[in-house]
Amino acid sequence: MADTARTARQRSPLAHAAHRLAAATRASKGAIRLAELPLLAQVNVRLDAKGPAADAVGLALGLQLPLEPNTAVHAGEITVVWLGPDEWLVVGRPGTQRALEERIRAAAGDEHVSVTDVSAQRTTLLVGGPRARDLLAHGCSLDLHPRAFGPGRSAQTMLARAQVVLVARDEPRAGFWVLVRSSFAGYLTDWLLDAAVEYR
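Cut-off values and rules
Residues numbered from 1 in each chain as written. Predicted model: local features only at pLDDT ≥ 70, side-chain atom pairs only at ≥ 80, totals over all residues. Heavy atoms only, no water. Helix = DSSP H or I, 4+ residues; strand = E, 2+ residues; numbered from the N terminus. Rg over C-alpha atoms; globule rule 2.2 N^0.38 Å. Areas by Shrake-Rupley, 256 points an atom, 1.4 Å probe, with all protein chains shown as cover. Lys, Arg positive; Asp, Glu negative; His and termini not counted. Charge placed at Lys NZ, Arg CZ, Asp CG, Glu CD. Buried < 20%, exposed > 50% of the residue type's maximum accessible area, 1.4 Å probe, protein only. Axes fitted to C-alpha atoms, helices over the stretch in contact; angles between N-to-C directions. Parallel < 35°, antiparallel > 145°, perpendicular 65-115°, else oblique. Left-handed = near helix turned anticlockwise from the far one by under 90°. Contact = heavy atoms within 4.5 Å. Phe/Tyr/Trp six-rings, centres within 6.5 Å; stacked < 30°, edge-to-face > 60°. Lys NZ or Arg CZ within 6 Å of the ring centre and 35° of its normal. Salt bridge = Lys/Arg side-chain N within 4 Å of Asp/Glu carboxyl O. Core = buried A, V, L, I, M, F, W, Y, C linked by side-chain atoms within 4.5 Å.

Caption draft 1: Highlighting the overall build of the chain. Counting secondary structure elements, the chain contains 6 helices and 10 strands. A globule of 200 residues ought to have a C-alpha radius of gyration of about 16 Å, and the chain, at 17 Å, matches this closely. A total accessible area of about 10,600 Å² is found for the chain, and carbon and sulfur atoms account for 51% of it. Each charge class in the chain can be summarised by its mean position, and for the 23 positive and 20 negative side chains these summaries are 9 Å apart.

Caption draft 2: Quick look at unusual backbone geometry. Of note in this structure, K29 is not a glycine but carries a positive phi near 55°. Counting through the fold element by element, K29 comes out in the loop between helix 2 (18-27) and strand 1 (33-37). For K29, a relative accessible area of 73% gives the class exposed. Notably, L39 is not glycine yet its phi reads approximately 60°, a positive angle. Examined against the element boundaries, L39 turns out to sit in the loop between strand 1 and strand 2 (41-47).

Caption draft 3: Looking closely at the packing of helix 3 (residues 52-61) against helix 4 (residues 97-108). Contact pair helix 3 / helix 4: the axes reach a minimum separation of 8 Å and the direction vectors enclose 140°. The orientation of helix 3 with respect to helix 4, classified from their angle, is oblique. At the point where helix 3 passes helix 4, the crossing takes the right-handed sense. Contacts between helix 3 and helix 4 involve A53, A56, V57, A60 and L61 on the former and, on the latter, L100, R103, I104, A107 and A108.

Caption draft 4: Expanded view of the packing of aromatic side chains. The final tally for this structure, using the stated rule, is 1 aromatic pair. With a centroid separation of 6.3 Å and 20° between ring planes, the pair formed by F149 and F176 is classed as stacked. Separated by 27 residues along the polypeptide, F149 in the loop between helix 5 (132-137) and strand 8 (154-159) and F176 in strand 10 (residues 176-181) bring together distant segments of the chain. For the pair F149 and F176, a shared accessibility class is recorded, and that class is buried. Stacked on the ring of W177, the Lys or Arg R169 has its end atom at 4.0 Å from the ring centre.

Caption draft 5: Just the pattern of salt bridges, in detail. The final tally for this structure, using the stated rule, is 6 salt bridges. Across the salt bridge formed by R46 and D86, the nearest N and O atoms sit 2.8 Å from each other. Residue R46 is located in strand 2, and its partner D86 is located in the loop between strand 4 (78-84) and strand 5 (87-92); the two are separated by 40 residues in the primary sequence. Note on R46: relative accessible area 37%, which makes it partly exposed.

Caption draft 6: Region of the structure containing the nonpolar core. Ranked by internal contacts, the top residues of the largest apolar core, which has 31 residues, are L34, L136, V178 and L188. Here this core takes 7 residues from helix 6 (residues 182-196), the largest share from any one element. Non-local contacts of V178, meaning those with residues more than four positions away in its chain, are made with T123, T124, L125, V127, L136, L159, V164, V165, L166 and L188. Within the second largest apolar cluster, 20 residues are counted, among which are V45, W88, L100 and V115.

Following this line, the structure appears as structure tokens:
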């Protein structure tokens, strides 16, 4: 039997909504920017944060795994998001998940580590622009003021009743990543587009 998993063309769960997101961005006249960042590589990593594997994996990725709760670090084309005391989400360019998995496993060596490709589980929405925080605040109970949720902060939270991983990008104007389960992506996109009408 042919291996169709590798040869089948991947389709983003929000491919059908790209024109609507672009239209909302244009209509806001620069106040907000909405877009999907489709098919990003996402690899879940679990290991002992105090063990030698943590340093080795960080070195292999070109950064230090974030140990402070609710933070994210970025180096080159890789972002690592803290999910728990022994759990991280490694995000990279589309199609690099296998290479990331191999790099992490090789770096960990004989140390106990769990590495799981979860790229198909979520998609990523970019919410940027000067009014991005206001838009997200309509559906999120977190304090999103830059003093409380500035660049490099992250959280597993609810946005419009959908569970998301929210990441404040590492530059003030870079906006936010909203990582949402693929099955909720359409709903959350509709919610964001509805809330964005205020900024026309």
